[in-house]
Amino acid sequence: MVNSTHVSYFIMSAFFHTGVFKYLFFMIVMCLYVCIIGSNVLLIVVICVNRSLHEPMYLFLCSLFVNELCGSTGLFPFLLVQILSDIHTVSAPLCFLQIFSLYTYANVQFYNLAIMSYDRYLAICHPLHYNTRMTSNKAAMFIAPTWFFPILHVVIMISLSAPLQLCGNIINKVYCDNFSVVKLACSDTTVNNVYGLVYMFTVIVALIILMFYSYMRILRVCFSGSKQTRQKAVSTCTPHLVSLFNFSFGAFFEVSQSRFDMSGVPSMLRIVLSLYFFTFPPLFNPLIYGQNLTKIRIICKSLLFGKV
């Protein structure tokens with residue numbers, strides 16, 4: 001058996017020999033990464049340089065796009081290197097750094113979506129009081145915890161996982177994740193499991209309740225309000241709901257692959273599903289919001305194609 005003092009690197013066993021096709025996969029992944037960087041940076045710049053977009057909803061979006069840049073950067077450069085490499089290993093410190101990056105992305109994304117649902121609830125259900133209850137300063141006060149608490153959670157999680165004695169160094173994925181490392185432990189993992197359960201049944205459940213409450217109240221207003229209110233709700237909530245479903249879809253696949261035996265699923269499909277969570281939300285969220293939010297769409301068209 002191998003203990004923690006000997007595990008200086010991990011083997012990513014989900015990678016397989018692709019021959020000359022590795023250059024094709026490299027180009028596909030590179031194109032995806034460039035599209036994610038370009039679209040998210042574009043919308044961040046648009047929101048930051050246009051004073052008309054310095055409103056709470058757009059500040060929350062800016063936080064969302066910055067987080068997607070951080071999460072993508074924690075994954076794609078690593079994938080590009082591994083695709084071209086014949087030996088798929090990663091040092092233990094880099095593995096935990098990737099865990100920090102990807103888990104921070106996932107948690108900040110969830111916090112952001114919860115706060116954005118509450119913002120839409122205030123805007124649609126309390127329109128007359130929205131400007132006093134959700135100012136730019138208050139939005140900044142909401143954004144700060146959406147980054148601080150996820151980072152704190154991930155730091156605690158890694159501080160519990162890193163000292164574990166490990167009986168192996170093979171991770172059956174194309175990137176590092178905390179659950180895979182903990183499964184390799186031959187020492188007691190009770191503290192890790194208890195901490196994970198407490199976090200899930202307090203913070204995660206609380207955020208789910210906040211989102212559920214917000215959208216149920218919005219739905220109630222849609223059915224009982226005027227046609228103008230329904231149109232406003234649909235136009236502003238549609239991109240948020242699409243983003244939430246996209247995130248939930250990816251999270252479901254990620255959790256399923258970590259917790260259940262997926263050996264019966266073709267390896268290529270497992271890889272695609274495992275990358276969905278970190279690829280599709282950062283790729284499609286800028287398109288969804290850029291296309292559906294009128295202010296952003298007009299400014300982007302003006303910036304890219306001249307005056308419209």
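Residues numbered from 1 in each chain as written. Predicted model: local features only at pLDDT ≥ 70, side-chain atom pairs only at ≥ 80, totals over all residues. Heavy atoms only, no water.

**Student:** Before we move on, can you summarise the UniProt feature "transmembrane region" (unreviewed entry) in the protein with the specific residues and values?
**Tutor:** UniProt feature "transmembrane region" (unreviewed entry): in the numbering of this structure it lies at residues 20–46, 58–84, 96–118, 139–160, 197–216, 237–256 and 268–289. Between the C-alpha atoms that bound residues 96–118 there is a distance of 33 Å. The span itself is 100% helix and 0% strand. In residues 197–216, the share of helix is 100% and the share of strand is 0%. The end C-alpha atoms are 27 Å apart. (UniProt positions renumbered as here; feature names shortened; annotations may be inferred. Helix = DSSP H or I, 4+ residues; strand = E, 2+ residues; numbered from the N terminus.)

**Student:** Any details on helix H7 (residues 190–224)? Residues and values, ideally.
**Tutor:** With 35 residues, H7 ought to run about 51 Å at 1.5 Å a step, and its terminal C-alpha atoms sit 50 Å apart, in line with that. The largest bend along H7 reaches roughly 30 degrees and is located at Met200. (Expected span 1.5 Å × (residues − 1). Bend = angle between axes of the 7 residues up to and from the residue.)

**Student:** Which residues make up the state of the cysteines, and what values go with them?
**Tutor:** Per the counting criterion, the structure on display carries two disulfides. A sulfur-sulfur separation of 2.3 Å characterises the disulfide bridge that pairs Cys167 with Cys186. Because the sign of the S-S torsion sets the handedness, a value of about 135 degrees for the bond joining Cys167 and Cys186 places this disulfide among the right-handed ones. In this pair, Cys167 is assigned in the loop between helix H5 (136–161) and strand S3 (170–171) and Cys186 in the loop between helix H6 (178–183) and H7, connecting sequence segments 19 residues apart. Note on Cys167: relative accessible area 29%, which makes it partly exposed. For the protein, the bonded cysteines connect in the pattern 1-3, 2-4 when numbered consecutively along the sequence. No disulfide involves Cys48; its sulfur sits 4.0 Å from that of Cys62, the nearest cysteine. Of the residues examined, Cys48 reaches a relative accessible area of 45% and is grouped as partly exposed. Cysteine Cys300 is unpaired, with the sulfur of Cys62 as its nearest cysteine sulfur at 12 Å. The class for Cys300 is buried, based on a relative accessible area of 9%. (Disulfide = S-S within 2.5 Å. Buried < 20%, exposed > 50% of the residue type's maximum accessible area, 1.4 Å probe, protein only.)

**Student:** Residue-level account of the packing of helix H1 (residues 21–49) against helix H9 (residues 267–292), with values.
**Tutor:** It is at 8 Å that the axes of H1 and H9 come closest, and there the two elements cross at 30 degrees. In this view, H1 runs roughly parallel relative to H9, as classed from their interaxial angle. As for how H1 packs across H9, the hand of that crossing is left-handed. Note on element contacts: H9 touches H1 through Met268, Thr279, Pro282, Leu283, Pro286 and Gly290, opposite Phe25, Leu32, Cys35, Ile36, Ser39, Asn40 and Leu43. Residue composition of the contact of H1 with H9, by class: nine nonpolar, four polar and no charged. (Axes fitted to C-alpha atoms, helices over the stretch in contact; angles between N-to-C directions. Parallel < 35°, antiparallel > 145°, perpendicular 65-115°, else oblique. Left-handed = near helix turned anticlockwise from the far one by under 90°. Contact = heavy atoms within 4.5 Å. Nonpolar A, V, L, I, M, F, W, Y, C, P; charged D, E, K, R; others polar.)

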